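# Overview (structure and organization)
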Amino acid sequence: MAALLLSPTLLVLAMVVGYPVVAGLRESLYTRGSGLDADGFVVQGNKFVGLDNYTSIFQGDRADAFWNAFTNTTFFTLTTVTLETVIGVGMALIMQQAFRGRSVVRASILVPWAIPTAISGLLWRWIFQADGAANAVLGHQVLWTADGFPAKLAVIIAEVWKTSPFIGLLVLAGLQMIPREVHEAAKVDGASTLQRFAFVTLPLIRPALLVAILFRMLDVLRMFDLPAVLIGVNQKSVETLTMLAWFEATNLRYGSAAAYATLLFAYIALIAYLFVKLLGADIIGEARQAREQARGARKAAKR
């Protein structure tokens, strides 16, 4: 009965998740129109090449492009998620406080998250222009949208500004689930504000905070639109793995594009798995332990 009731959901997941993954993996093992026949015409159709699309990624100039994009993707993930977590928790603590105009503050904090990423990229591109607001405030000429470290910094600033409210919103939901009596008891016991935050608030909002961090990590690992709009494509300083896959696909090298996408999928899956394992959330182990306990209870009941 359980399998029957779950079958519609499993069927939809197989269609919208399972099939694209399998199709992408299959596409990465083929190449299309990459050779010439005896008459000099492009060979039509797909040709099975095995792992050649993967091995070519790690050879020659393409290897340099891959490792550059891999480094940029990892760098953006570590820096932006760290900054967003700190700022998002601060936003949540501010939004939780009771003061006049709290609803206005909450709405204004969530505005960046509501702006589409492409519009946000255009907005920050205007700010980071040579004669834009950023240089006017700094009083110094910085080429933010050129190819270099300032371009990385511009992407980090724009990304943190836009997505910090997301973490703040999830953490705020966790803060509102904490009973007031817990803080009052800690205050009676003589705990300071910092001690209450470190030993009461953080442990209780840990589930919501971990979910927010995991979601943001998975999102930044697939970053494409913000650096593409803000800085531009084919810029080595901000090129990500998603950009490489997109570039190969636009040049009709679908097998190579699928190989890049498959490697990115494996990287994201590995990061998510390590994130969960390192934090002690062994879902499979817990499920196995629950089954063993249920089996033991049934045996005890029969006895």
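Residues numbered from 1 in each chain as written. Predicted model: local features only at pLDDT ≥ 70, side-chain atom pairs only at ≥ 80, totals over all residues. Heavy atoms only, no water.

## A look at the overall build of the protein
Counting secondary structure elements, the protein contains 13 helices and 2 strands. The buried share among the 303 residues of the protein stands at 33%. Relative to all contacts within the protein whose residues are 6 or more apart in sequence, the contacts with residues 24 or more apart total 68%. Counting every atom, the protein has about 18400 Å² of accessible surface; 68% of that belongs to carbon and sulfur. (Helix = DSSP H or I, 4+ residues; strand = E, 2+ residues; numbered from the N terminus. Buried < 20%, exposed > 50% of the residue type's maximum accessible area, 1.4 Å probe, protein only. Contact = heavy atoms within 4.5 Å. Areas by Shrake-Rupley, 256 points an atom, 1.4 Å probe, with all protein chains shown as cover.)

## Overview of the side chain of T201
Positionally, T201 belongs in helix 9 (residues 193-220). The class for T201 is buried, based on a relative accessible area of 5%. The residues contacting T201, other than those within four sequence positions of it, are L175, I178, H183 and R196.

## Observations concerning the pattern of salt bridges
Tallied over the full model, the rule gives 6 salt bridges. Across the pair E248 and R62 runs a salt bridge, and its minimum N-O distance is 3.9 Å. One end of the pair, E248, is in helix 11 (residues 241-250); the other, R62, is in helix 3 (residues 60-96), and 186 residues separate them in sequence. Close ionic contact of R222 with D219 constitutes a salt bridge, the shortest N to O distance being 3.3 Å. A relative accessible area of 33% means that D219 is categorised as partly exposed. Each of E84, E159, R216, D219 and R222 takes part in salt bridges that share partners, so that together they form one network. (Salt bridge = Lys/Arg side-chain N within 4 Å of Asp/Glu carboxyl O.)

## Some remarks on helix 1 (residues 2-27)
A turn of α-helix holds 3.6 residues, and therefore any two residues three or four places apart point the same way. End to end, helix 1 covers 35 Å across 26 residues, agreeing with the expected 38 Å (1.5 Å per residue, within 8%). At A14, helix 1 shows its largest bend, some 40°. (Expected span 1.5 Å × (residues − 1). Bend = angle between axes of the 7 residues up to and from the residue.)

## What about the UniProt feature "transmembrane region" (unreviewed entry) in the protein?
Mapped onto this numbering, the UniProt entry annotates "transmembrane region" (unreviewed entry) at residues 75-95, 107-127, 153-175, 196-218 and 257-276. Secondary structure over residues 196-218 splits into 100% helix and 0% strand, and the C-alpha atoms at its two ends are 31 Å apart. (UniProt positions renumbered as here; feature names shortened; annotations may be inferred.)

## Concerning unusual backbone geometry
Even without a glycine there, the phi angle at N234 is positive, about 60°. Structurally, N234 can be placed in the loop between helix 10 (225-230) and helix 11. Overall, N234 belongs to the partly exposed group, its relative accessible area being 44%.

## Side note on the confidence of the model for the protein
In this model, the protein carries an average pLDDT of 84, and 87% of its residues clear a pLDDT of 70 or more. Within the protein, helix 5 (residues 117-127) carries the highest mean pLDDT (92), whereas helix 13 (residues 283-302) carries the lowest (53). For residues 281-285, every residue scores under 50 in pLDDT, and the model assigns this stretch 2 contacts once sequence neighbours within four places are set aside. (pLDDT = per-residue confidence, 0-100.)

## Overview of the environment of V171
Structurally, V171 can be placed in helix 7 (residues 149-175). Given a relative accessible area of 1%, V171 falls into the buried group. For the pair V171 and L209, spaced 38 residues apart in the sequence, the C-alpha separation amounts to 5.8 Å.

## Re the packing of aromatic side chains
Taken as a whole and assessed by the stated rule, the structure comprises 14 aromatic pairs. Arranged with centres 5.0 Å apart and planes meeting at 70°, the rings of F66 and W67 form a pair that is edge-to-face. Taken together, a centroid distance of 6.0 Å and an interplanar angle of 50° make the contact between F75 and F76 tilted. Among the aromatic residues, those joined into a cluster by ring pairs are F58, F66, W67, F70, Y260 and Y267. It is R26 that lies over the ring of Y30; its NZ or CZ is 4.5 Å from the centre. (Phe/Tyr/Trp six-rings, centres within 6.5 Å; stacked < 30°, edge-to-face > 60°. Lys NZ or Arg CZ within 6 Å of the ring centre and 35° of its normal.)

## As for the packing of helix 4 (residues 102-114) against helix 7
Where helix 4 meets helix 7, the closest approach of the two axes is 6 Å, and the angle between their N-to-C directions is 125°. In this view, helix 4 runs oblique relative to helix 7, as classed from their interaxial angle. In this structure, helix 4 meets helix 7 at a crossing whose hand is left-handed. Across from R106, I109, L110, P112 and W113 in helix 4, the residues of helix 7 making contact are W161, K162, T163, P165, F166, L169 and L172. (Axes fitted to C-alpha atoms, helices over the stretch in contact; angles between N-to-C directions. Parallel < 35°, antiparallel > 145°, perpendicular 65-115°, else oblique. Left-handed = near helix turned anticlockwise from the far one by under 90°.)

## Examining the side chain of S256
Within the secondary structure, S256 is located in helix 12 (residues 254-278). Relative accessible area serves as the criterion here: at 6%, S256 is assigned to the buried category. For S256, the side chain forms a polar contact with the side chain of E248, separated by 3.2 Å. Among residues more than four places away in sequence, those in contact with S256 are N53, R62 and E248. (Polar contact = N/O pair within 3.5 Å; in protein donor to acceptor, adjacent residues only side chain to side chain.)

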